[in-house]
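Spelled out from the first residue to the last, the chains are:
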Amino acid sequence: MLRIVGIPAAPGMAAGPIVRVGGAHRKAREYRSAAEEQAGMDVGLRAAQEALALLMESMSDAEAAGILAFQLALLEDDEITRPLAASIADGTAADTAWSAVMDRLIADYETAEDAYFRARAADLADLRERVLDALHGDSAVAIAPGSIVVAEDFPPSRFLATDWRDSGLVLERGGATSHVAILARSRGVPLLVGVGRIEATEAADALLDSHDGLLVIQPDHAAREAFELRRSRHADEARADHGQLGAAARMASGERVAVMINVARPEDLERIDPDHVDGIGLVRSEFLFHDRRELPGEEEQYRAYSRIAKWARGRPVTIRTLDAGGDKPIPGFTRAGETNPFLGVRGVRLSLERPDVLKLQLRALVRAGVDGNVKVMVPMVAVPGELARVRVLLDEAVRELKAERIAAVSPPLGMMVEVPAAALAVETFDADFYSIGSNDLLQYLMAASRDEPALAALARPGPAFWRVLRELCAHGHESRREVSLCGDLASDANAIPDLLRSGLRTLSVAQASLASVKAAIRRA
Amino acid sequence: MSQNAQSTVVIEHEVGLHARPSVKLTQLAKRFAAKIEIATSPEGPWIDAKSIVKVMGSKTPRGALLHVRAEGDDAESAVESIVALVRRDFELAT
C-alpha cells in the first residue's frame with residue numbers, strides 16, 4: 001500500500017484502476033540499428049495517419065477537417081520523410097529525429113507574420129505529440145468510467161473532451177488554481193495536484209480522496225473500509241446540502257447572501273435550474289474564442305450571450321470581456337513567447353491593443369442586453385484610464401447600433417479587481433460594480449505563482465488579502481456599488497465564514513459547489 | 001513526349017493558401033507525373049507544388065499572383081488543371 005499526499009484542487013472521491021495518460025514520462029528510445037529505427041518510425045507514422053483519418057471522418061466542420069487533412073498530408077510529404085530518414089540513417093533514434101524535424105517546422109510557423117499561419121504552430125505541435133505517442137506506444141486511451149487518471153499535466157481541451165463519470169484525476173504537477181483545476185471544480189471531478197512523480201503500476205487499484213488530499217495505491221482492507229465510510233458520509237452531506245439547493249441562502253442572522261454561478265460554456269447551464277441561483281456572476285467569454293481558426297463574429301457572439309441572458313430570466317448576468325493571455329493563450333491573438341505572460345499583455349491590456357476585436361464584442365454584448373439583465377465586466381484593469389477607454393468604446397457601440405437601428409441597451413460597466421494597484425486605489429475607478437478575482441489577486445499580492453505546487457502554502461489568503469478584501473467591501477458599501485467575489489475562494493466552503501466576515505454578500509461560485517456554499521452560508 | 005508549360009493565376013480564395021486550399025492543390029499536383037512548381041514571383045523561389053510543407057510554408061496571402069510551371073509528359077494538362085482549381089476557388093464552399 002502506498003499513500004501519496006497532494007494538494008486538493010477539486011473535492012470528491014473516486015476509486016478504480018490507475019490509468020496513466022500523456023507523454024509525461026516518455027522514455028527516450030534506444031537506438032539499436034538504423035533499420036529498426038526506420039521500421040519503428042514507419043509504424044509510428046502509419047498509426048498517426050490512421051488515427052487522423054478516423055478523426056476526419058467524424059468531423060463535421062469543414063475547416064477543422066481541413067486542418068486534419070493538412071496534418072495527414074504532412075505525414076506523407078517527402079520534405080518531412082526524407083530528412084527524417086537521413087537523420088535516422090545517421091544514427092539518431094526515431095523519436096529524436098522526428099522531434100527535430102517537427103520543431104524546425106513549428107519554429108518557422110511560430111514566427112509567421114500572419115496570425116492564421118502562426119496559429120498552425122499549435123496544430124504542428126499536436127501532430128508531433130501524436131506521432132511521439134505512437135512511437136512510444138501511448139495511444140490516446142479512452143478513459144473508462146471509474147478510473148483514477150494520473151498525468152504530469154492535463155490540457156484543458158482534453159479535460160473537456162473526456163467523460164469523467166465516477167473517475168478522478170491526479171496531476172503530478174499543477175496548482176490548485178490552474179485552468180484545469182477550475183474546470184474540475186465546475187464539473188465536480190475529484191482532482192488532486194502537485195503530488196510529484198508517481199511510480200505507479202498501470203491498472204493498480206487506487207483510492208482518491210481529494211477532500212483530504214490523499215491518493216492510496218493498492219489499499220489494504222482497512223484503508224478501503226475507511227474510504228467507503230468517508231465516501232458515504234460525504235454523499236449524505238451532499239444530499240442534505242442538495243435538498244436546500246433551491247432555497248435562497250441566508251446567514252444564521254437571517255441576512256441574505258446572493259449566490260451566483262460562474263459559467264465557462266453555455267452548455268454548462270443545461271444541468272442547472274435558474275431558480276437555484278441569484279444570477280450569473282461571471283461568464284468567461286473565452287469559450288467563444290478557443291479551438292477555432294478565426295475570431296468569432298458579432299452575430300455568433302450575440303447569439304451566445306443572448307442565450308445565456310435569456311436563461312437567467314431577468315437575473316443579473318455578468319459577462320466578462322475576453323480575458324486572454326496569462327494561462328489562457330489564444331493562438332493567433334495572444335502574444336507568443338512573452339517571458340512572463342502573467343505580467344504581460346493580457347486581459348484588458350490585450351483588448352485595448354485590439355480595439356476592433358473589443359468593439360465587436362461590446363456590440364454583441366449591448367445587443368444581448370435587450371434579452372436580459374446583462375452587465376459587462378473588464379478583466380485585469382490596473383489604472384482608471386483602461387476602464388475609461390473601454391467605456392468610450394462601449395458608448396460608441398451603443399451609438400453605432402442605434403444609428404443602424406439595431407436594438408441595444410447600455411449596460412452597467414464594472415471591473416475585475418485582481419491587480420493589487422487597482423484593489424488599493426479602487427475609489428479612483430469609474431466602475432459601476434466590482435468583482436474580485438481572488439485567484440489573480442492572491443497570486444499578485446503574494447508574488448506566488450498559482451501553478452507552482454511548491455508555493456501552494458504561500459498562494460493562500462493571509463492578513464494582507466483579508467485587509468484588502470475588507471477595504472473593498474467597505475468602499476462598495478459606502479459608494480453603494482456591488483462588490484462580489486468570483487474566484488475559487490468563493491467555492492471553498494471552508495473560506496465562506498471569513499469571506500462573510502469581511503463584508504462580502506455576493507459570491508459567484510463553481511456550479512458543483514453551489515449546494516455546499518449555500519450550506520456553509522447557512523451555518524455562518 | 002516531355003513538355004514545358006507555364007501560366008499565372010490570381011488567388012481569390014478569401015484567405016489565401018490556407019490549410020484546405022493548400023491540401024487541395026498538393027493533392028491535385030500529385031496526380032500528375034510532371035514536375036510542378038509554383039511561385040509568387042516569376043523570379044521565384046519556385047517551390048514543389050506536391051509538397052504540403054512547401055506550399056503551406058509559402059504562406060501565400062489572398063490576392064497574390066500565383067505562377068505555375070511544369071515539366072514532364074503531362075505538363076500542359078497539369079498547369080491547366082491547377083490554374084482551373086485556383087479559378088474555381090479550390091472548390092471550397094466557403
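**Quick notes on the overall build of chain B**
Inference 1: Within chain B, the regular secondary structure consists of 3 helices and 4 strands.
Inference 2: Reading the secondary structure of chain B in the N-to-C direction produces β-α-β-β-α-β-α.
Inference 3: A total of 94 residues make up chain B; the buried ones form 40% of that total.
Inference 4: The long-range share in chain B, meaning contacts at least 24 apart out of those at least 6 apart in sequence, stands at 75%.

**Section: the sheet that holds strand β4 (residues 148–151) of chain A**
Residues and elements named next belong to chain A.
Inference 1: Strands sit in the order β1-β8-β7-β3-β4-β5-β6-β2 across an open sheet of 8 strands; the sheet is mixed. Because the sheet does not close on itself, it has two edges, and the strands there are β1 (2–5) and β2 (7–10). Within this sheet the neighbouring strands show an average axis-to-axis angle of 30°, counted without direction.
Inference 2: Bridge count between strand β3 (residues 13–20) and β4: 3 bridges; the pairing is parallel. Considered in β4, the bridge of Val 19 is made with Val 149.

**Side note on the interface of chain A and chain B**
Inference 1: Chain A puts 17 residues into the contact, and the matching count from chain B is 16 residues.
Inference 2: At the level of elements, α2 (62–75), α3 (78–89), α4 (94–110) and α5 (115–135) of chain A are the ones that each hand at least two residues to the side of chain A that touches chain B.
Inference 3: In terms of residues, the side of chain A that touches chain B owes the most to one element, α2(A), which gives 7 residues.
Inference 4: Residues belonging to the side of chain A that touches chain B are distributed by class as follows: 11 nonpolar, 1 polar and 5 charged.

**Some details on the nonpolar core**
Inference 1: Val170(A), Tyr305(A), Val381(A), Met415(A), Val417(A), Leu472(A) and Leu507(A) are the most contacted members of the largest nonpolar core, which totals 111 residues.
Inference 2: Beyond its immediate sequence surroundings of up to four residues, Tyr305(A) is in contact with Ile319(A), Ala364(A), Leu365(A), Ala368(A) and Val374(A).
Inference 3: If you look at the next biggest cluster of nonpolar residues, it comprises 55 residues, including Ala119(A), Leu135(A), Ile11(B) and Val86(B).

**Quick notes on the environment of Phe227(A)**
All names here are of chain A.
Inference 1: Within the secondary structure, Phe 227 is located in helix α8 (residues 221–243).
Inference 2: With 19 C-beta atoms packed within 10 Å, Phe 227 lands in the partly exposed category.
Inference 3: In this structure, the C-alpha to C-alpha distance between Phe 227 and Ala 14, residues 213 residues apart in sequence, is 9.5 Å.
Inference 4: Residues within four places of Phe 227 in sequence aside, it is in contact with Ala 15, Leu 207, Asp 209 and Pro 219.

**A closer look at the sheet that holds strand β2 (residues 35–39) of chain B**
Residue and element names in this part refer to chain B.
Inference 1: With antiparallel pairing, 4 strands are arranged side by side in an open sheet as β1-β4-β2-β3. The outermost strands of the open sheet, each flanked by one partner alone, are β1 (3–10) and β3 (47–48).
Inference 2: Sheet analysis places β1 next to strand β4 (residues 65–72), joined by 8 bridges and oriented antiparallel. Each bridged residue has a counterpart across the sheet, and for Gln 6 the counterpart in β4 is Arg 69.
Inference 3: Packed on one face of the sheet, helix α3 (residues 75–87) meets β1, β2 and β4 and runs near 10° to β1.

**Points about unusual backbone geometry**
Peptide bonds are trans in most cases, and residues, glycine excluded, mostly fall at negative phi.
Inference 1: Of note, the bond from Gly44(B) into Pro45(B) is cis; its omega dihedral lies within 30 degrees of zero at 5°.
Inference 2: Checked against the element boundaries, Pro45(B) lands in the loop between β2 and β3.
Inference 3: You will see that Ala447(A), though not glycine, has its phi angle at about 50°, which is positive.
Inference 4: Tracing the chain through its elements places Ala447(A) in the loop between α14 (438–446) and α15 (463–479).
Inference 5: Judged by the 10 C-beta atoms lying within 10 Å of it, Ala447(A) falls in the exposed class.

**Concerning the packing of helix α1 (residues 34–57) of chain A against α2(A)**
Residue and element names in this part refer to chain A.
Inference 1: Between α1 and α2, the shortest axis-to-axis distance is 10 Å and the interhelical angle comes to 160°. Accordingly, the angle class assigned to the pair α1 and α2 is roughly antiparallel. Of the two possible hands of crossing, α1 and α2 adopt the one that is left-handed. Packed against α1, whose contacting residues are Leu 45, Ala 48, Gln 49, Leu 52, Ala 53, Leu 55 and Met 56, the element α2 presents Ala 65, Leu 68, Ala 69, Gln 71, Leu 72 and Leu 75 at the interface.
Inference 2: Here the residues of the contact of α1 with α2 are counted per class, giving 11 nonpolar, 2 polar and no charged.

**Considerations on the confidence of the model for chain B**
The predicted coordinates of low-pLDDT regions are not to be read in fine detail.
Inference 1: This prediction gives chain B a mean pLDDT of 87; 96% of its residues lie at or above 70.
Inference 2: Among the prediction metrics, the complex's ipTM stands at 0.87, with pTM recorded as 0.61.

**As for the environment of Arg31(B)**
Residue and element names in this part refer to chain B.
Inference 1: Turning to its location among the elements, Arg 31 is positioned in the loop between α1 (19–30) and β2.
Inference 2: Arg 31 sits in the exposed class, given 11 other C-beta atoms within 10 Å.
Inference 3: When the C-alpha positions of Arg 31 and Lys 50 are compared, they lie 9.2 Å apart, and in sequence the two are 19 residues distant.

Rules of the game
Going along each chain's sequence as written, the residues are numbered from 1 onward. To read the labels, note that chains go from A and ligands from 1, taken in the order they are written. Under the rules for a predicted model, residues below a pLDDT of 70 receive no local features and side-chain atom pairs below 80 are neither given nor counted, while totals for whole chains, interfaces and linings still include all residues. Each helix is a run of DSSP H or I of at least 4 residues and each strand a run of E of at least 2, with the numbering of both proceeding from the N terminus. As a rule, residues whose C-beta atom has 12 or fewer other C-beta atoms within 10 Å are exposed, those with 20 or more are buried, and those in between are partly exposed; C-beta atoms are placed from the backbone. Contact between two residues is assigned when their C-beta atoms, built from the backbone, lie within 7 Å. Two strands qualify as a pair provided that DSSP identifies no fewer than 2 bridges between them. Orientation is described by lines fitted to C-alpha atoms, with helices fitted over the stretch in contact, and by angles between N-to-C directions that extend from 0 to 180 degrees. Side-chain classes follow a simple rule in which Ala, Val, Leu, Ile, Met, Phe, Trp, Tyr, Cys and Pro form the nonpolar group, Asp, Glu, Lys and Arg form the charged group, and the remainder, Gly included, forms the polar group. Take the buried Ala, Val, Leu, Ile, Met, Phe, Trp, Tyr and Cys residues, join any whose C-beta atoms are within 7 Å, and the set you get is a nonpolar core. Should an angle fall under 35 degrees it is taken as roughly parallel, and over 145 as roughly antiparallel, whereas 65 to 115 is taken as roughly perpendicular and any remaining angle as oblique. What makes a crossing left-handed is the near helix being turned counterclockwise from the far one by less than a right angle; a clockwise turn instead makes it right-handed. Along the chain, pLDDT gives the predictor's confidence residue by residue, from 0 to 100.

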